[in-house]
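Here is what each chain is made of, one letter per residue.
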Amino acid sequence: ETYSYYTNREETSEYIRGVVEFVSRDQFMLLLTRQGLVENISKIFGAQDIQIGDRRFDKDFMIKSNDEMKTRFILSNDSIAGILLKNQTVRLEITNGEGLFGEKPKEGNYMLYYILEREIEEIGQLNELSFLFKTLLDELIKMGIVKSL
């Protein structure tokens, strides 16, 4: 889905949102956001985030999770990390809470939630995002986090 966010009367930002709801076998949660001014200030004042050991990735993203080992495993997948770096990824989240645009999973479920700041202009971009979701879900299933779909 595409969302337009009006920053003022003259400017809008276009966001692509992807959501997959699933039944979780554990309470694994992940929040990955692109580094911005707020995140950089947070780090200066001691906010902790997970480092995966890739200098560019660690510089570009703030990563929070309730399980560092699982997070490192997921983000060590070169396909996943590559797509996140290449695109204008704003947010990747595994949560049972509310998304940026007010989305919530059904009671007891979790959602894989992805926000991209740009418009889809060609089918290749859509295929790449579809591949990202498939690869993420495959990793979550392999790890026993998600009940097989």
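Attention in this report is confined to the structure presented alongside it. (Residues numbered from 1 in each chain as written. Predicted model: local features only at pLDDT ≥ 70, side-chain atom pairs only at ≥ 80, totals over all residues. Heavy atoms only, no water.)

## Describing the packing of helix H4 (residues 78-86) against helix H5 (residues 123-142)
For step 1, the next point in the chain: Where H4 contacts H5, the axes come no closer than 10 Å and their chain directions differ by 140°. Classified by the interaxial angle, the pair formed by H4 and H5 is oblique. For H4 against H5, the interelement crossing comes out left-handed. Across from Ser-79, Ile-80, Ile-83, Leu-84 and Lys-86 in H4, the residues of H5 making contact are Glu-128, Phe-131, Leu-132, Thr-135, Leu-136 and Glu-139.
For step 2, the next point in the chain: When its residues are assigned to classes, the contact of H4 with H5 shows six nonpolar, two polar and three charged. (Axes fitted to C-alpha atoms, helices over the stretch in contact; angles between N-to-C directions. Helix = DSSP H or I, 4+ residues; strand = E, 2+ residues; numbered from the N terminus. Parallel < 35°, antiparallel > 145°, perpendicular 65-115°, else oblique. Left-handed = near helix turned anticlockwise from the far one by under 90°. Contact = heavy atoms within 4.5 Å. Nonpolar A, V, L, I, M, F, W, Y, C, P; charged D, E, K, R; others polar.)

## Some thoughts on the packing of aromatic side chains
For step 1, the next point in the chain: Going through the model one piece at a time under the given rule, you end up with three aromatic pairs.
For step 2, the next point in the chain: Ring plane angle 25° and centroid distance 6.3 Å describe the contact between Phe-22 and Tyr-110, whose orientation is recorded as stacked. Taken together, the positions of Phe-22 in strand S2 (residues 12-22) and Tyr-110 in strand S6 (residues 110-116) put the pair 88 residues apart, joining distant regions of the chain.
For step 3, the next point in the chain: With a centroid separation of 6.2 Å and 85° between ring planes, the pair formed by Tyr-114 and Phe-133 is classed as edge-to-face. Residue Tyr-114 is located in strand S6, and its partner Phe-133 is located in helix H5; the two are separated by 19 residues in the primary sequence.
For step 4, the next point in the chain: The exposure class of Tyr-114 is buried, given its relative accessible area of 2%. (Phe/Tyr/Trp six-rings, centres within 6.5 Å; stacked < 30°, edge-to-face > 60°. Buried < 20%, exposed > 50% of the residue type's maximum accessible area, 1.4 Å probe, protein only.)

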